[in-house]
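Structural overview for review
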Amino acid sequence: EPVAELAATTGRAEAAQWHLGNLRVPGGRAEELAHAYRKEVTDRIALPDRVLTPQPPQVAPPDGGLIAGLHAAGRGQRPEAGARPDLERARRAVLERPAADEPWIALAAASPAPLLSARPELVRAVLLALISQDGTVEPVPDRLADWLSVREQ
């Protein structure tokens, strides 16, 4: 049903936005997980606890961003199809701007990977650690989220 799908998409986006703005990964844990990912560890791993560290919000895009568009679609002020994020475009945006919030919010809304809305701050921190370790962005962000989900104890 389109209404239920729009509500679920909006919920994933809002959850990701809150997590990215308020939670951080404890020091060193993202680097440990990045190392385990590079070594293709298949064992269960304890994911780090969440640390509440509110940050000043990043500047929203001029059109109000994805969440504003989803709410506008819910009010009938914008076509629903135009409000939904595209998965491939969201992945590319994350890889182009991995430290920015908005691409991660769009990816959480577009991807079925649950960890992208439940722990986007963790997935982003591990991806940034991978980039800093070797300077390349090899993993697809939602595949990294799936790997973390499977490893979780």
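Notes on the structure follow. Note that the coordinates shown come from a computational prediction; the quantities given were computed from them, not determined experimentally.

Among all positions in helix H5 (residues 87-96), only Ala90, Arg91 and Val94 are buried. Axial view of H5: buried residues confined to an arc of 100°, hence all on one face. Along H5, the residues that are exposed and aim more than 90 degrees away from the buried face are Arg89 and Glu96. The backbone nitrogen of Glu88 lies 3.4 Å from a side-chain oxygen of the residue at the head of H5, namely Asp86.

A word on the packing of helix H8 (residues 120-134) against helix H9 (residues 141-151). The contact between H8 and H9 brings their axes to 10 Å, and the two run at 110°. By the angle between their directions, the pair H8 and H9 is classed as roughly perpendicular. The two elements H8 and H9 cross, and the hand of that crossing is right-handed. Listed contacts from H9 to Leu122, Val123, Val126, Leu127 and Leu130 of H8 are Pro141, Leu144, Ala145 and Leu148. Class assignment for the residues of the contact of H8 with H9 results in nine nonpolar, no polar and no charged.

Calculation notes
- Residues numbered from 1 in each chain as written.
- Predicted model: local features only at pLDDT ≥ 70, side-chain atom pairs only at ≥ 80, totals over all residues.
- Heavy atoms only, no water.
- Buried < 20%, exposed > 50% of the residue type's maximum accessible area, 1.4 Å probe, protein only.
- Helix = DSSP H or I, 4+ residues; strand = E, 2+ residues; numbered from the N terminus.
- Arc of directions from axis to C-beta.
- Polar contact = N/O pair within 3.5 Å; in protein donor to acceptor, adjacent residues only side chain to side chain.
- Axes fitted to C-alpha atoms, helices over the stretch in contact; angles between N-to-C directions.
- Parallel < 35°, antiparallel > 145°, perpendicular 65-115°, else oblique.
- Left-handed = near helix turned anticlockwise from the far one by under 90°.
- Contact = heavy atoms within 4.5 Å.
- Nonpolar A, V, L, I, M, F, W, Y, C, P; charged D, E, K, R; others polar.

Keep in mind that these numbers describe shape and distance, not what the molecule does.
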